[in-house]
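Here's the letter readout for the chains.
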Amino acid sequence: MNSRNYIDGAWHDLRPSETAHNTSPADGEVLGTTPVSGADTMVVAIEAAHAAFPGWSATPAPKRGELLFRLVRILEREAETLSRALALEEGKIIGEARGEVQKAIRYVEFAAGDARRLTGYTAPSELSGTFAFTMWRPHGVVGLITPWNFPVCIPLWKMAPALVAGNTVVLKPAPETPYTAHLIALYCEEAGFPKGVVNVVHGDAAPAVALIEHPHVRAVSFTGSTEVGIRVSSRCAQLNKPVQCEMGGKNPILILDDADLDKAAIATAQGAFGSTGQRCTATSRAIVMDAVADAYVAKVAALAKAIRAGHPLEDGVTMGPSVSERQMEKVVSYTDIGAAEAKLVVGGGRITALPKGYFPAPTLFDHVSATGRIATEEIFGPVLSVIRVATVDEAIDAANGVQFGLTSSVYTNDLSRAFSVIERLDTGMTQVNAPTMGGEAHMPFGGVKNTGVGPREMGPNAWRFYSEEKTVYINHGGARRTSSFY
Ligand code: NAD
């Protein structure tokens, strides 16, 4: 599983001193090597993408879509290879990895169909003999910077709309998950994208910063932490580049006093502990009405205790490791903070029975203050904070009282209460009687406040971020009335 940079249709090796080991977070096994590229390598990729842009943007959009449909068929054929690589290097269990790969395939398929839907707008002109319409033009080279937690889905849900709209792309994937990005480049090569249209450069901040700074890069799409994302969006604003950032989260599930508690507990456990709590849509706060809180906490605690952590490829394992030692240490430090702030019901610390891997214990805190650190800061691990409230208004205030706003969920059997909560929650997405996580290819995905800036990803309009609308007036003769205003 050695990863290489893919630039201008060729595979580039760096010197051994410029590579790092890619290791499994489950047991420390060395899986292969990955390039640690600098700004110089990134500039070579940007220049290749720039040179490829005139040819690619002039290719009819349905032809561009055909290459994406070809990529879909390759991804379907290679789904198991990709899922296993994902499970090994990121740590999610194989079932979750297969789910991520399927979701990525469905999204590329949806975006490929957009090739025939890059539609503009026509309107009657106020001038006679004039036809007025709009059309969409690609930006040029676009820079895509992605995190490790969905290393198949997120690169593909950025690449597909960017390519279909006629841009050439340079992807800078997360350093923790290089091999899945390497496989994506390999499949793009097989699909037959012309050289320079798709480029992948591995490394961390240095190539990412070079990508943002380079004048040939006309737009940037970033997913990652709020801290880095705010830096990216501020710099893009200074450089006057369109930017889209999807960042951190602290997603709440609201349990009202008429909820089906069994279903609510299962959804909570899936959202909080699934993917080791490393989904951007993970449930990290359960805001529960007092009347049902004791029963609900008992049910979620039982589900947390039943989790079996272990190697992601092993049968019967229901939770993999954190992606890295650093990430596990961060989670453990928050369970220490939580022990001082609230009542520890299950877990805390790391799983000492699995010393070779980075396994934090599934953890449940009760009686958490809505303003405490574990209730307001992103932990990104299998840690759930239960906040007890007396009223729906108090639940809404607690839910909205954080800087983040990706997704939310409410459990209730009362339709009027559900609609009232949907309208008042400050999140980009809300689920009713369903876990916080999930999202479909043809539905927009994204957050508000310090979670999201710029237009939504996925859904029918995703390609528009990667395009500029141009307005055209054609004077086709006849008795054209002139106007003194224009
Ligand atoms: P991160 O911010 O550390 O890194 C993200 C990417 O940015 C990586 O490719 C990294 O190499 C690059 N990077 C690092 N320094 C940079 C710099 N100075 N300038 C530009 N790029 C730089 O995030 P992570 O740890 O990889 O991912 C986890 C975070 O991603 C969590 O906060 C999670 O909530 C968030 N996330 C959000 C969504 C969403 O849709 N809102 C989806 C997935 C993940």
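Not measured: the values here are computed from a predicted model.

1. So, the domain arrangement of the protein
Its domain assignment divides the protein into domain 1 (5-247 + 455-471) and domain 2 (251-432). Centre-to-centre, using C-alpha coordinates, domain 1 lies 31 Å away from domain 2. Of the roughly 1,900 Å² buried between domain 1 and domain 2 on both sides combined, carbon and sulfur atoms contribute 61%. For the domain 1 face of the interface with domain 2, the top three residues by lost area are Pro25, Ile93 and Trp148, together amounting to 26%. Scanning the region where domain 1 abuts domain 2 turns up 0 salt bridges. Here domain 1 is connected to domain 2 by 4 residue pairs in polar contact (both at pLDDT 80 or more). Taken together, the elements giving at least two residues each to the side of domain 1 that touches domain 2 come down to helix 3 (79-90) and helix 4 (94-113). Examining the composition of the side of domain 1 that touches domain 2, we find that 5 residues originate from one element, helix 3, more than from any other. Classifying every residue of the side of domain 1 that touches domain 2 gives 8 nonpolar, 4 polar and 9 charged.

2. Quick word on the packing of aromatic side chains
By the definition in use, this model includes 8 aromatic pairs. Where Trp136 meets Trp463, the ring centres are 5.3 Å apart and the plane angle is 80°; that geometry is what we call edge-to-face. In this pair, Trp136 is assigned in strand 6 (residues 130-138) and Trp463 in the loop between strand 19 (452-453) and strand 20 (467-475), connecting sequence segments 327 residues apart. The two residues Trp136 and Trp463 agree in class, both being buried. Considering the side-chain rings of Trp148 and Phe380, the 5.5 Å spacing of their centres and the 70° angle between planes classify their relative orientation as edge-to-face. With Trp148 in the loop between strand 7 (141-145) and helix 5 (153-164) and Phe380 in the loop between helix 12 (373-376) and strand 16 (383-389), this residue pair connects regions lying 232 residues apart in the sequence. Here Trp148 and Phe380 have matching classes, each one buried. Here the basic side chain of Lys92 rests over the ring of Phe150, its NZ or CZ set 3.8 Å away from the ring centre. The ring of Phe110 has Arg117 sitting right over it, with the charged end atom 5.4 Å from the ring centre.

3. Some thoughts on the pattern of salt bridges
The tally for this structure, following the rule as stated, stands at 22 salt bridges. Across the salt bridge formed by Glu213 and Arg235, the nearest N and O atoms sit 2.6 Å from each other. Highlighted residues: Glu213 in helix 7 (residues 205-213) and Arg235 in helix 8 (residues 226-239), separated in sequence by 22 residues. Residue classification places Glu213 among the partly exposed residues on the basis of a relative accessible area of 32%. Residue classification places Arg235 among the partly exposed positions, given a relative accessible area of 29%. Among the salt bridges present, the one from Asp262 reaches Lys299, with a minimum N-O distance of 2.9 Å. On the criterion of sequence distance, the pair formed by Asp262 in helix 9 (residues 261-273) and Lys299 in helix 10 (residues 290-305) is long-range, its members being 37 residues apart.

4. Some words on the site of the ligand
In the vicinity of the ligand, 32 residues are found, and the nearest of them are Thr146, Lys172, Asp204, Ser225 and Glu378. With respect to the ligand, the side chain of Lys172 contributes an N or O atom lying 2.7 Å from an oxygen atom. Side-chain polar atom of Glu378 to an oxygen atom of the ligand: 2.6 Å apart, as the coordinates give it. Coverage of the ligand by the protein chains reaches 91% of its 850 Å² of free accessible surface. Secondary structure elements with two or more residues in the shell around the ligand: helix 7, strand 10 (217-223) and helix 8. Its residues placed into classes, the shell around the ligand shows 19 nonpolar, 8 polar and 5 charged. When residues of the shell around the ligand are sorted by domain, at least three fall in each of domain 1 (5-247 + 455-471) and domain 2 (251-432).

5. Some thoughts on the nonpolar core
Ranked by size, the top nonpolar core spans 64 residues in total, and within it Leu68, Leu71, Met159, Leu163 and Phe193 carry the most contacts. Split by domain, this core shows at least three residues from each of two domains, domain 1 (5-247 + 455-471) and domain 2 (251-432). Not counting the four nearest positions on each side in its chain, Leu71 is found in contact with Val108, Leu156, Tyr187, Cys188, Ala191 and Phe193. By size, the runner-up hydrophobic cluster in this structure holds 24 residues, among which are Ala264, Ala265, Ala269 and Ala301.

The rules we used
Residues numbered from 1 in each chain as written. Predicted model: local features only at pLDDT ≥ 70, side-chain atom pairs only at ≥ 80, totals over all residues. Heavy atoms only, no water. Domains from an automatic or database assignment. Buried area = accessible area lost by both parts, 1.4 Å probe. Salt bridge = Lys/Arg side-chain N within 4 Å of Asp/Glu carboxyl O. Polar contact = N/O pair within 3.5 Å; in protein donor to acceptor, adjacent residues only side chain to side chain. Helix = DSSP H or I, 4+ residues; strand = E, 2+ residues; numbered from the N terminus. Nonpolar A, V, L, I, M, F, W, Y, C, P; charged D, E, K, R; others polar. Phe/Tyr/Trp six-rings, centres within 6.5 Å; stacked < 30°, edge-to-face > 60°. Buried < 20%, exposed > 50% of the residue type's maximum accessible area, 1.4 Å probe, protein only. Lys NZ or Arg CZ within 6 Å of the ring centre and 35° of its normal. Near = heavy atom within 4 Å. Areas by Shrake-Rupley, 256 points an atom, 1.4 Å probe, with all protein chains shown as cover. Core = buried A, V, L, I, M, F, W, Y, C linked by side-chain atoms within 4.5 Å. Contact = heavy atoms within 4.5 Å.

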